[in-house]
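# Topology and contacts: notes
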Amino acid sequence: PRYSEGRDTNALLRELMGTGERPEWAQQAFERVEQYVSEGDLIAARAELEALAERLGPQDTTVLELQWELGDRELNGAAD
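This text gives an overview of the structure that appears in the document. Remember, it's a predicted structure, so these values are computed and weren't measured experimentally.

### Some words on the pattern of salt bridges
One pass over the structure, following the stated rule, counts three salt bridges. Arg32 is the salt-bridge partner of Glu48, the closest N and O atoms lying 2.9 Å from each other. Separated by 16 residues along the polypeptide, Glu48 in helix 3 (residues 42-56) and Arg32 in helix 2 (residues 24-39) bring together distant segments of the chain. With relative accessibility at 18%, the residue Glu48 sits in the buried group. On the basis of relative accessible area, Arg32 is assigned to the partly exposed category, the value being 35%. Two residues, Arg46 and Glu74, come together in a salt bridge whose shortest N-O distance is 2.8 Å. A residue pair is termed long-range when its members are at least 10 positions apart, and Arg46 in helix 3 and Glu74 in helix 4 (residues 61-76) qualify at 28 residues.

As structure tokens, this is what we get:
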């Protein structure tokens, strides 16, 4: 490809090789966590998120973001 030098490797994988940002199973699991949170089912959200953290690692950016969001909901009871 003509304009690949210096590009973000994740962008190259997505755009040139047709890969997703995440495997389908992980994307679906993140979507379930977000759905549970939006529905107020924080116990199910926490369980799904813990399973994701176990598979992807506790330092995964999306896991960390969702942990923060879920923790906020657990403490404050309302979405931002």
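### Topic: the packing of aromatic side chains
Here the structure, examined in full by the defined rule, presents zero aromatic pairs. One residue, Arg55, lies across the ring of Trp25, its end atom 3.6 Å from the ring centre.

### Observations concerning the nonpolar core
The nonpolar side chains of a soluble globular protein tend to be buried, and buried together. Ala29, Phe30, Val33, Val37, Ala45, Leu49, Leu52, Ala53, Val63, Leu66 and Leu70 together form the largest nonpolar core, which totals eleven residues. For this core, the secondary-structure elements that each account for two or more residues are helix 2, helix 3 and helix 4. In contact with Leu70, not counting residues within four places along its chain, are Val37, Leu42, Ala45, Arg46 and Leu49.

### Comments concerning the environment of Asn76
When you line up the elements, Asn76 lands in helix 4. A polar atom in the side chain of Asn76 sits 2.5 Å from the side chain of Asp72.

Analysis parameters
Residues numbered from 1 in each chain as written. Predicted model: local features only at pLDDT ≥ 70, side-chain atom pairs only at ≥ 80, totals over all residues. Heavy atoms only, no water. Salt bridge = Lys/Arg side-chain N within 4 Å of Asp/Glu carboxyl O. Helix = DSSP H or I, 4+ residues; strand = E, 2+ residues; numbered from the N terminus. Buried < 20%, exposed > 50% of the residue type's maximum accessible area, 1.4 Å probe, protein only. Phe/Tyr/Trp six-rings, centres within 6.5 Å; stacked < 30°, edge-to-face > 60°. Lys NZ or Arg CZ within 6 Å of the ring centre and 35° of its normal. Core = buried A, V, L, I, M, F, W, Y, C linked by side-chain atoms within 4.5 Å. Contact = heavy atoms within 4.5 Å. Polar contact = N/O pair within 3.5 Å; in protein donor to acceptor, adjacent residues only side chain to side chain.

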